[in-house]
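Chain and residue survey
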Amino acid sequence: MSSLPPNRANTLKAAFRVCDVAPLVSNKDIERYYVNLSKVRKTEAINSIKKRLDFLEPAEFCSLLFTGHRGCGKSTELRKIQQEWESQYKVIYIEADAELDILDAEYTDLYLVIIKKVADVLYTSELNFDAKLLTNFESWFKEITQETEQTVERSASIGAEAEAGIKIPFLSKLLGKIQAQIKGADKQRKTVRQNLQKDIGRLQADINLLLGDAFVKLKSKYPEYEKGFLIIFDNLDRVPPNVAKHLFCDYAFQLQSLHCTIIYTAPISIVYSENNLSNSFDTPNIVPMVNIYEFEQDKTDLDHNDDGLTAITSLIEQRVEVDAVFESRQLLVDLAKASGGHIRQLMQIASQAFLTAATRDREKVTADDIIYAIKQEQFNFERSISTEYYSALAAVCVNKDVSKDEIGRLMLFSLWVFEYNGKNRWNYVNPVVRQIHAFQEALKSAKSNP
């Protein structure tokens, strides 16, 4: 949606719009709506990324993993990182789902996206790659993909070129066409990837030569970007667990081989892999949930933590005039409890409650509207959770730990189970999932047969 309004919402319609589940993107929205949650969730992951960027000297590069549950606020934190570092880095923010088939992504796909984005930035900055390097790369690429100037030109969008108001460089057109083929039919995708794999060393070497040349040209024209490019590859946490394992475990070395600084997002399930990620990447930077519970290892039904609930409710209070749109402030606390400390789930239930109340011709949200909104979330989970998984979910509730296997990774990826950490690392079942009758039955069974 467009930039959020500057004032707190005081009607159901405005509240619905302002509680959009999308991350904060613009500097203006971040300045207006960002809530610092450092007192109630471990923020070392965010601070560690910033410090790592600070410690890098010009021409030094690193690749970092930034992970956490989808919807926990990673994208907003990455936008803040972009905002804070764009005076020293030329930041390129990439949304993976807009560029890749995230259900079937290979590391070579990421290579192509990165070099295309760098090429685009270079040309819009009125800079050019070294002519010899560029010719070598384009010639090799045309040869292995069996593309020609004519085939690429025919497929390029003349309208897009006219819309951009500039002549799109051939390299961008070529890479754009290859990316489209990879996102296309299976047979076409397989052929392109096989061709790229024929000389993967050459692909990687040539891309690094171009990245090195781009860094020199960028720094020469814009001395303030002395640390070069910072690539933020967001939304890779949406790749399924099997694709994530392939990318971040099997090809960790290749993801770290490009000569620029890159932050990759990754699904939290990947840190539960039997492949120890810290052997390849540095320690993964995990953004945990906002902890709304009083952790007790042996207690199945945890009490709530007032500080955590207050922090979560402040996310809504920052956007809406609570007294104007809620029948009572207790409803806000009920929302916070249903969120489990998950920011997107909070916004999702809240916006559903605003819509429901408006649909029922009310001026304010009532308890019935909140219950209805939570139930809709519950029904969504019920539709997706197979009966066979409830006993495993009950075990998480009892043991506060998720199994380190495919089922455990699925439960984390699907948001059935959350990770909390601070002094302890522990897991707990999503409060909306805990409302499901089949889960309650499985929990009874688990408690009676420990």
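The paragraphs below set out a description of the structure included in this document. Computed from a prediction, not measured in an experiment: that's the story for all the values here.

1. Focus: helix H20 (residues 390–399)
For H20, every residue scored as buried is listed here: Tyr 390, Leu 393, Ala 394, Val 396 and Cys 397. One side of H20 holds all its buried residues, which, seen down the axis, span an arc of 155 degrees. Looking at the residues trailing H20, positive phi occurs at Lys 400, about 60 degrees.

2. Some remarks on the side chain of Ser 125
Tracing the backbone through its elements, the reader meets Ser 125 in the loop between helix H6 (107–124) and helix H7 (131–145). With a relative accessible area of 9%, Ser 125 lands in the buried category. A distance of 2.8 Å separates a polar side-chain atom of Ser 125 from the backbone oxygen of Val 121. Those residues in contact with Ser 125 that lie beyond four places of it in its chain are Lys 221 and Tyr 222.

3. Structural notes on the sheet that holds strand E4 (residues 261–267)
Strand order in the open sheet formed by 5 strands is E2-E3-E4-E1-E5, and the pairing between neighbours is parallel. Bordering the open sheet on either side are strand E2 (90–95) and strand E5 (285–287), each of which pairs with just one other strand. Adjacent strand axes in the sheet meet at a mean angle of 20 degrees when their direction is disregarded. Strand direction decides the pairing type here: E2 and strand E3 (residues 229–234), joined by 6 bridges, are parallel. Bridge assignment links Val 91 to a residue of E3, and that residue is Leu 230. Contacting strand E1 (63–68), E3, E4 and E5, helix H3 (residues 44–55) crosses the sheet at an angle of about 145 degrees to E5.

4. Brief notes about the pairing of E3
Where burial is concerned, most of E3 is hidden: 6 out of the 6 residues are buried. Of the two faces of E3, both are covered, the one formed by Phe 229, Ile 231 and Phe 233 as well as the one formed by Leu 230, Ile 232 and Asp 234. The pairing of E3 with E4 spans 4 bridges and is parallel. Opposite Ile 232, over in E4, you have Ile 263 as the bridge partner.

Cut-offs used in this document
- Residues numbered from 1 in each chain as written.
- Predicted model: local features only at pLDDT ≥ 70, side-chain atom pairs only at ≥ 80, totals over all residues.
- Heavy atoms only, no water.
- Buried < 20%, exposed > 50% of the residue type's maximum accessible area, 1.4 Å probe, protein only.
- Helix = DSSP H or I, 4+ residues; strand = E, 2+ residues; numbered from the N terminus.
- Arc of directions from axis to C-beta.
- Polar contact = N/O pair within 3.5 Å; in protein donor to acceptor, adjacent residues only side chain to side chain.
- Contact = heavy atoms within 4.5 Å.
- Pairing = 2+ DSSP bridges.
- Axes fitted to C-alpha atoms, helices over the stretch in contact; angles between N-to-C directions.

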